[in-house]
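Summary of the model geometry
Each chain, letter by letter, is given below.
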Amino acid sequence: MNFGEGRDHLTICSVSTPMGYGGISVIRVSGPKSFEITQKSLKKKNRSFESHKAFLDEFLNTQTEKSIDEVLVLPFEAGKSFTGERVVEISCHGSPVICTAILNELCRNGCELAISGEFTYRAFMNDRLDLVQAESILSLIHSHSELGSELALRQLKGELSDKLTHIKDDVIWCLAHIEAGIDFSEQGITVVEDTVLISKLENVQNSFKDLLDTYETGRVLKDGIVLVLSGEPNVGKSSLMNVLLGNDRSIVSDIAGTTRDVIREDILFKNLKFTLVDTAGIRENSNDPIEKIGVERSIKERQGSFINLVILDATKPLKDQHELIFKDLNLERTLFILNKVDLLQKDELPAKQAELKAILGSIIDEKPYIFDDNSILFTTCKRSETKQQVLGRVYDYWIAKFAHIESVSVSSARQREELRQAYDLLEKVIAGLKSQLGSEFIAFDLKDSLMALQRTVGEVYDDQILDKVFKEFCLGK
Ligand SMILES: Nc1nc2c(ncn2[C@@H]2O[C@H](COP(=O)(O)OP(=O)(O)OP(=O)(O)O)[C@@H](O)[C@H]2O)c(=O)[nH]1
Ligand SMILES: [Mg+2]
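Residues numbered from 1 in each chain as written. Chains lettered and ligands numbered in written order. Predicted model: local features only at pLDDT ≥ 70, side-chain atom pairs only at ≥ 80, totals over all residues. Heavy atoms only, no water.

Quick look at the confidence of the model for the chain
Low-confidence regions, as indicated by low pLDDT, have predicted coordinates that should not be scrutinised in detail. Quick reminder of the rule: Per residue, pLDDT measures the predictor's confidence, with a range of 0 to 100. Contact criterion: two residues are considered in contact whenever any of their non-hydrogen atoms come within 4.5 Å of each other.
Put simply, the chain has an average pLDDT of 88, and 95% of its residues get 70 or more. Here residues 366–370 is modelled with pLDDT under 50, and outside its nearest four sequence neighbours on either side it reaches four contacts, counting other chains as well.

So, in structure tokens, the structure goes:
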């Protein structure tokens, strides 16, 4: 990316809708000469461009004087547009041939083709939005669910930025008082008591913590819940995968070791994207080298999952189902499925649940873990209602344990990284104040914490930060 390098004065253009066939396509032109360059190719000469007033015209190839298309032209005056510059949006018929001809014509008359993300970059440079808002545009475009796009829209409107500004104001207040304290210390004047600073900074730290805690929610709303189905061979993982998907995606058979590789499919449930992952049955001592690779992959998938579904065959003694199944499980993120209950009598179920709890009790020795009955489900793949039962339970589990839907969330890894740094430095500052460290050192760390906060919203930035944010954007955005 090299937006800044001598491109600022350029008038840029690009197709802003997906390239392809459709009802209409929109071409965006932005920069100081966007009105006059567009004007050159319109059939009606000397037309005046009024901001936010659309008009119909013909777009010509000025070399051949032939019409390329009938277009709707919408001008935006500088300061009243997305990028902050003079912008023209040209709506033409949705065809790559027409779009390319219009772009060629614009470039012949003085435009340059835009680089991916360059319109949003210009909006950022012209203070039309901050970095958090710029990132939210990307989230909005790529959001997989209604809840996700709701969150992105709230961020675009500035809810998260406002929260960060309040935090920043408090940090600046503390920094100003510490620095004033340094200046007046020789005269023996105390500007503000350390206890006041500590209490204020602890409040700031709590606000940071609340925001960092929302990252999990933000990530799920943006990327969805990854749900990995694992267990011994033949317990019904693929059957359950198919029930949850509502189609026969995975091969099911009574031969143990049917699924060899990882199978991944996305579905929407309660406005949330779920990525379902079916895996090879986990067992030890297989002589088959391909099965061994499959087992390794299953274990790896479980480690990277958001929530694990461990499937057990309820018709068999649970203690016989291999140790590997229970090994290295993040229990806080695991639901146990006792499958094939259609083959059991109803009065057998409590004993099965007790058996599973006893096994879990014996393997969780080092850290106390309060086992929740909500983490055990009895299922059968013979009924389609199982989909609602399992996904509903996962959804409720997520809401209860991890979600902060009511508040605006941090959803980008970059934002979280910067906030984490700001938080850690603040911790150092508070410890310094408590141990009466020299004010110069304290001010130094607090400045760094403030810088991290300013980087989050883009008040302070360098090429690396901008590169990180804007390289994700597509052409025309
Ligand atoms: N009665 C009954 N049979 C089931 C149920 N779920 C799965 N089965 C049967 O159990 C056998 C194994 O099912 P799969 O879904 O292939 O099992 P898997 O866990 O994916 O097995 P691998 O891919 O070999 O690891 C098949 O014959 C299924 O029809 C269930 O809920 N009830
Ligand atoms: Mg299978």
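Here's the deal with the coordination of the magnesium ion (ligand 2)
Here is the rule: Counted as coordinating are nitrogen, oxygen and sulfur atoms within 2.8 Å of the metal, or 3.2 Å for Na, K and Ca, while water is not included, which may make sites look incomplete. A helix here means a DSSP run of H or I that spans at least four residues, while a strand means a run of E at least two residues long, and both kinds are numbered starting from the N terminus. Relative accessible area decides the class of each residue, using a 1.4 Å probe on protein chains only: under 20% of the type maximum gives buried, over 50% gives exposed, and in between gives partly exposed.
The magnesium ion (ligand 2) binds to the protein through S238 (OG) and T259 (OG1), with metal-donor distances spanning 2.0 Å. Separated by 21 residues along the polypeptide, S238 in helix α9 (residues 237–245) and T259 in the loop between α9 and β8 (263–269) bring together distant segments of the chain. Accessibility assignment for this pair places S238 and T259 in one class, buried.

Thoughts on the pairing of strand β3 (residues 55–61)
This is how it is decided: One bridge is not enough; two strands pair if DSSP finds at least two bridges between them.
Burial analysis of β3 places five of its seven residues in the buried class, which makes it a mostly covered element. Where β3 lies against strand β4 (residues 66–76), seven bridges are found, and the strand directions are antiparallel. Bridge pairing in β4 links F59 to D69. Two successive antiparallel strands, β3 and β4, enclose a turn made up of four residues, where E65 displays a positive phi of approximately 65°.

Considering the sheet that holds strand β12 (residues 376–378)
As a reminder, the rule being used: Convention adopted: a line fitted to C-alpha atoms gives each axis, helices being fitted over their contacting stretch, and angles between N-to-C directions are expressed from 0 to 180 degrees.
Strand order in the open sheet formed by six strands is β8-β9-β7-β10-β11-β12, and the pairing between neighbours is mixed. Two strands bound the open sheet, and with one partner strand each, they are β8 and β12. Direction aside, the axes of adjacent strands within the sheet are offset by 25° on average. Here strand β10 (residues 307–313) pairs with strand β11 (residues 334–339) via six bridges, running parallel. Looking across to β11, one finds that V310 is bridged to F336. α9 rests against β7 (225–231), β8, β9 (272–278), β10 and β11 of the sheet, and its axis sits at about 155° to β9.

Examining helix α10 (residues 289–304)
How we decide: For a helix, the expected span equals 1.5 Å multiplied by the residue count minus one. By definition, the arc is the one covered by directions from the helix axis to the C-beta atoms. Identification of polar contacts relies on pairs of N or O atoms within 3.5 Å, with a donor-acceptor requirement for protein atoms, meaning one able to donate a hydrogen and the other able to accept it, and with residues adjacent in sequence counted only if both atoms are side-chain atoms.
For α10, built from 16 residues, the straight-helix expectation of 22 Å at 1.5 Å per residue is met to within 8% by its first-to-last C-alpha distance of 23 Å. Of the residues making up α10, those classed as buried are E291, G294, V295, S298, E301 and R302. Projection of α10 onto a plane perpendicular to its axis shows the buried side chains occupying an angular sector of 125°, all on one side. Among the exposed residues of α10, those pointing more than 90 degrees away from its buried face are P289, E296, K300, Q303 and G304. Elements that come into contact with the buried residues of α10 comprise β7, β8, β9, β10 and α11 (323–326). Its side-chain oxygen placed 2.9 Å from the backbone nitrogen of I290, D288 serves as the N-cap of α10.

Some words on the packing of helix α6 (residues 159–184) against helix α15 (residues 439–457)
For any two helices packed against each other, the geometry is given by the interaxial angle and the distance between the axes. Counted only if it meets this: Angular relationships are summarised with four words: roughly parallel below 35 degrees, roughly antiparallel beyond 145, roughly perpendicular across 65 to 115, and oblique for the angles in between. Definitions for this section: a left-handed crossing has its near helix turned counterclockwise from the far helix by less than a right angle. A right-handed crossing has that turn clockwise.
Where α6 contacts α15, the two axes come as close as 10 Å, and the packing angle between them is 160°. It follows from the interaxial angle that α6 and α15 lie roughly antiparallel. As for the relative orientation of α6 and α15, their crossing is left-handed in sense. Across the interface between the two elements, L164, I167, K168, V171, I172, C174, L175, I178, E179 and I182 of α6 pack against S439, E440, I442, A443, L446, K447, L450, L453, Q454, T456 and V457 of α15.

Overview of the domain arrangement of the chain
What counts here: Domain ranges listed in this record stem from an automatic or a database domain assignment.
Its domain assignment divides the chain into domain 1 (12–129), domain 2 (137–214 + 409–458) and domain 3 (219–401). A straight line from the C-alpha centre of domain 1 to that of domain 3 covers 53 Å.

Let's talk about the state of the cysteines
Which entries qualify depends on this criterion: Here, the term disulfide refers to a pair of cysteine sulfur atoms separated by no more than 2.5 Å.
Summed over the entire model, instances satisfying the criterion amount to zero disulfides. Unpaired in this structure, C13 has its nearest cysteine sulfur neighbour in C107, at a distance of 4.0 Å. Here C92 is not cross-linked by a disulfide; its sulfur's nearest cysteine counterpart is in C99, at 4.0 Å.

So, the packing of α9 against helix α13 (residues 386–401)
The test is simple: Just so you know the grouping, Ala, Val, Leu, Ile, Met, Phe, Trp, Tyr, Cys and Pro go in nonpolar, Asp, Glu, Lys and Arg go in charged, and all remaining residues, Gly too, go in polar.
Running from amino to carboxyl end, α9 crosses α13 at an angle of 90°, the nearest separation of the two axes being 8 Å. Comparing their axes, α13 and α9 come out roughly perpendicular. On α13, the residues that touch L240, V243, L244 and L245 of α9 are T386, K387, V390 and L391. Within the contact of α9 with α13, the residues separate by chemical class into six nonpolar, one polar and one charged.

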